[in-house]
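Listed here are the chains, written in short residue letters.
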Amino acid sequence: MADGLAFHQAPPLSAPLRFFLTAPWFGLAAAAVLAWGGPAALASRWTPATLAATHLLTLGMLSMTMVGALIQLLSVVAGAPLRHPHRVAGIVHVCLTLGTALLATGFLGFPLLLTAALPLLVTAFAVLIVSAAQSLWTSSASGPTPAAIGLSLFALAVTVGFGLLLGLAYSGHLPASQRWLADLHPTWGMVGWIGILAAGVSYQVVPMFQMTPPYPPRLTRWLAPGLLTALAGLSAAAPFAAEGLSLPFGLAGAAVAAGLVLYGATTLALQHRRRRSRSNPQFAFFRIGMASLLGAGGFWATAQAFPNLGQRPEYPLLLGVLMLGGFALSLVIGMLYKIVPFLVWLHLRQRAPKLARLLPTLERILPEARGRINVRAHLATLITALGAAMMPSLVYLASLALAAASVWLGISLAQAARTLHSATPPNAGKVKDAGEPSAPG
Amino acid sequence: MHTTVTARLTAHHRHCDDLLAEAERAAKQNWERCTERFKTFRDSLETHLQAEEQQLFPAVEPVLSPVEGPTLSTGGPTSVMRAEHEDMRGLLRLLEGSIEAADAEGFQGLVETLFILMQQHNMKEENVLYPLCDRILQGSRSMLADTLKLP
Ligand SMILES: [Fe+2]
Ligand SMILES: [Fe+2]
């Protein structure tokens, strides 16, 4: 009976926190790269500055946060904590941080650094995928959330595989790859890794923390496997589409878009029926995320109906801003504003059980007002970034907004983490050694 | 076919959530109603915690943490749950203080903290612990789920 009941071994605080505290600064780096690239960088999504900024955001900010959240969530939703949380978090964090920085620098004109980044990133994700899969496998918990986490990890493996091929081609170790391969890499990353994980986590987080009715069981059961099947179909059809047979590719693409829109529309409908009156920054970020997802779906459909639109260089940039900035980043930032103060609070409590009366509230650890300001900074970033996709000279404004929003987030989270030290009572070490608070017997 | 621990206690979690949300909503407009709703919530939550601590956990602890024994379990999953119950009780006491002092702002900050603590606690119970309890109880053909003392 020893399986699947190990959530009492919640991961040590530093395991998820190091990822959360690092993530915002990659947003700042992305802003700097975009400003450095200037309007010319937005000519297409293949320019060095766009590639570097995109990966700083998707790896450094999104994946960084999602990995930290995953480490925390595995024990809560699946009763399956990582077996060696310290070691896994350490390896993944160092490799992901270094690998992302090197990759971005490599894109900016240092192919040698790009080559060096590849083994680091592959190591980071391989260690994460293997150890998370191991915990999920031994867990006795079943249900749509653990299943979605497993499928998203599979999609991550595919994304990394495509990325590795593209990276080797980019740095000249492989012949230049097909265009369709370069398209599949971001699709698997956005829809498979980020989209499926977001959906799986939403099944739990939205009903419980926003007090909405539960998601319909039919949706939670079929959405993640359906999206993954559609992605597989899309990948199989891609080489044929490149040769002119575009119907299967279009159908699979429509299935992907329909799945994402279904998730977004259902979430918004549920949020409309929530039983808690109070709004908070996380809720606002979630709404922006879902609205962007619907916007991206609508935009994609429009481009299918009017192929001229789909061929314009602005189209992938706009779709990218909606999916990456509007959907994924909004969810991730909103989550950070809830999870970081709570982890800090939990840690303070564990460290000083006898002093529970002196514990600060979550509001004291990270005031909601800071989150509300971040909502506005994030909206400003989104609007200016959408503008810059159509009018490249706006890129300076967009990078300024992104820089401001990222610095604000970074400082907010760092201040929340600092509560750990300022609130430490002098004898905290002794209290900790005494172990968990004694259970009433 | 009798009911399951998961079904009964999950439904009661939602019931407690509703009461707390009502108290929170009333805090802005009607302090008297807020006080009244809070007390109903507090009593419901206390009943819930006691049903777990006094009925459910002792029934499964011999299987979950056989080494430590049913009452002295340290480090097992139920001991984490018991510790979090104590955290909730600590917050309840602070909330009572803010009710007495008619401190609406302090009340709302504490409600948010309690709410997050409750939800992550409930998530662990509903996803992992309750299904596990059901499996253990099914093995021993226990009817405990039907006799849980909940209003
Ligand atoms: Fe409990
Ligand atoms: Fe409970």
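These numbers come from a predicted model, not from an experiment.

Draft legend 1. Structural context of the overall build of chain B. The secondary structure content of chain B amounts to 5 helices and 0 strands. Taking 15 Å as the expected radius of gyration for a compact globule of 151 residues, we find that chain B reaches 17 Å, a close match to that expectation. In terms of overall dimensions, chain B has a C-alpha envelope of 50 × 35 × 20 Å along the principal axes. Looking at chain B residue by residue over its 151 residues, the buried ones come to 58%. The long-range share in chain B, meaning contacts at least 24 apart out of those at least 6 apart in sequence, stands at 78%.

Draft legend 2. The arrangement of the overall build of chain A in detail. Assigned secondary structure in chain A consists of 15 helices and 0 strands. For the C-alpha atoms alone, the extent of chain A along its principal axes is close to 70 × 45 × 45 Å. By the burial criterion, 57% of the 441 residues in chain A qualify as buried. Expressed as a percentage of contacts within chain A between residues at least 6 apart in sequence, the contacts between residues at least 24 apart total 79%. Just so you have it, chain A exposes about 18100 Å², and 70% of that area is on carbon and sulfur atoms.

Draft legend 3. Representation of the coordination of the iron ion (ligand 1). All names here are of chain B. Within the protein, E52 (OE), H85 (NE2), H121 (NE2) and E125 (OE) serve as the donor atoms for the iron ion (ligand 1), at 1.9 to 2.2 Å. Going along the chain, you hit the donors of the iron ion (ligand 1) in the pattern E-x32-H-x35-H-x3-E. The metal-metal distance between the iron ion (ligand 1) and the iron ion (ligand 2) is 3.2 Å, with E52 serving as a donor to both. Taken as a pair, H85 in helix α3 (residues 77–100) and E125 in helix α4 (residues 104–139) lie far apart in primary sequence, 40 residues in all. Each of the two residues, H85 as well as E125, counts as buried.

Draft legend 4. Inspection of the packing of helix α11 (residues 314–351) of chain A against helix α14 (residues 395–422) of chain A at higher detail. Residue and element names in this part refer to chain A. The contact between α11 and α14 brings their axes to 9 Å, and the two run at 10°. Judged on the interaxial angle alone, α14 and α11 are roughly parallel. Facing I333, L336, Y337, V340, V344, H347, L348 and R351 of α11, the residues of α14 in contact are W408, L409, S412, L413, A416, A417, T419 and L420.

Draft legend 5. Broad picture of the packing of helix α2 (residues 48–77) of chain A against helix α4 (residues 111–138) of chain A. All names here are of chain A. In the contact formed by α2 and α4, the axes pass within 11 Å of each other and the chain directions differ by 25°. As summarised for this structure, α2 and α4 are arranged roughly parallel, according to the angle between their axes. Two packed elements cross with a definite hand, and for α2 against α4 that hand is left-handed. Note on element contacts: α4 touches α2 through L121, F125, L128, A132 and L136, opposite L59, S63, V67, L70 and L74. Class assignment of the residues belonging to the contact of α2 with α4 gives a composition of 9 nonpolar, 1 polar and no charged.

Draft legend 6. Broad picture of the interface of chain A and chain B. Contact with chain A, which involves 35 residues of that partner, is made by 44 residues of chain B. Of the roughly 3800 Å² buried between chain A and chain B on both sides combined, carbon and sulfur atoms contribute 67%. Joining chain A to chain B, the criterion identifies 5 salt bridges. When the shortest N-O distance is used, the salt bridge between K338 of chain A and E112 of chain B registers 2.7 Å. Joining chain A to chain B, the criterion identifies 8 residue pairs in polar contact (both at pLDDT 80 or more). Contributing elements (two or more residues each) for the side of chain A that touches chain B: α2, α6 (179–209) and α11 of chain A. The biggest single contributor to the side of chain A that touches chain B is α11 of chain A, with 5 residues. Per-class residue counts for the side of chain A that touches chain B are 18 nonpolar, 9 polar and 8 charged.

Draft legend 7. Seen up close, the coordination of the iron ion (ligand 2). Protein ligation of the iron ion (ligand 2) involves H13 of chain B (NE2), H48 of chain B (NE2), E52 of chain B (OE), E125 of chain B (OE) and Y130 of chain B (OH), the donor distances falling in the range 2.0 to 2.3 Å. In primary sequence terms, the donor set of the iron ion (ligand 2) follows H-x34-H-x3-E-x72-E-x4-Y.

Draft legend 8. A look at unusual backbone geometry. One non-glycine residue, M211 of chain A, adopts positive backbone phi at about 50°. Considering the arrangement of structural elements, one finds M211 of chain A in the loop between α6 and α7 (217–242). A relative accessible area of 0% places M211 of chain A in the buried class. Located in the positive-phi region is A102 of chain B, a residue other than glycine, with phi close to 50°. Among the residues examined, A102 of chain B registers a relative accessible area of 48% and is labelled partly exposed.

Draft legend 9. Highlighting the nonpolar core. Ranked by internal contacts, the top residues of the largest apolar core, which has 170 residues, are L153, Y263, F327, V340 and W345 of chain A together with F41 and F107 of chain B. The greatest single-element share of this core, amounting to 25 residues, is contributed by α11 of chain A. With near-sequence residues (within four places) excluded, L153 of chain A lies in contact with L70, L128, I129, A132, A133, L136 and W193 of chain A. Counting residues in each nonpolar core, the second largest holds 19 residues, with M81, L129, Y130 and L144 of chain B among its members.

Draft legend 10. Molecular detail of the environment of E100 of chain B. Mapped onto the fold, E100 of chain B is located in helix α3. Taking the C-alpha atoms as reference points, E100 of chain B and E61 of chain B, 39 residues apart in sequence, are found 38 Å from one another.

Draft legend 11. View of the confidence of the model for chain B. All names here are of chain B. Taken residue by residue, chain B gives an average pLDDT of 86. The fraction at 70 or more is 92%. No element of chain B has a lower mean pLDDT than helix α5 (residues 144–147), which averages 79, and none a higher one than helix α2 (residues 31–64), which averages 93. Per-residue pLDDT stays below 50 along residues 68–73; that stretch engages in 10 contacts with residues further than four places along the chain or on separate chains. Interface confidence for the predicted complex, given as ipTM, is 0.84, next to a pTM of 0.90.

Conventions adopted
- Residues numbered from 1 in each chain as written.
- Chains lettered and ligands numbered in written order.
- Predicted model: local features only at pLDDT ≥ 70, side-chain atom pairs only at ≥ 80, totals over all residues.
- Heavy atoms only, no water.
- Helix = DSSP H or I, 4+ residues; strand = E, 2+ residues; numbered from the N terminus.
- Rg over C-alpha atoms; globule rule 2.2 N^0.38 Å.
- Buried < 20%, exposed > 50% of the residue type's maximum accessible area, 1.4 Å probe, protein only.
- Contact = heavy atoms within 4.5 Å.
- Areas by Shrake-Rupley, 256 points an atom, 1.4 Å probe, with all protein chains shown as cover.
- Donors = N, O, S within 2.8 Å, 3.2 Å for Na, K, Ca; no water.
- Axes fitted to C-alpha atoms, helices over the stretch in contact; angles between N-to-C directions.
- Parallel < 35°, antiparallel > 145°, perpendicular 65-115°, else oblique.
- Left-handed = near helix turned anticlockwise from the far one by under 90°.
- Nonpolar A, V, L, I, M, F, W, Y, C, P; charged D, E, K, R; others polar.
- Buried area = accessible area lost by both parts, 1.4 Å probe.
- Salt bridge = Lys/Arg side-chain N within 4 Å of Asp/Glu carboxyl O.
- Polar contact = N/O pair within 3.5 Å; in protein donor to acceptor, adjacent residues only side chain to side chain.
- Core = buried A, V, L, I, M, F, W, Y, C linked by side-chain atoms within 4.5 Å.
- pLDDT = per-residue confidence, 0-100.

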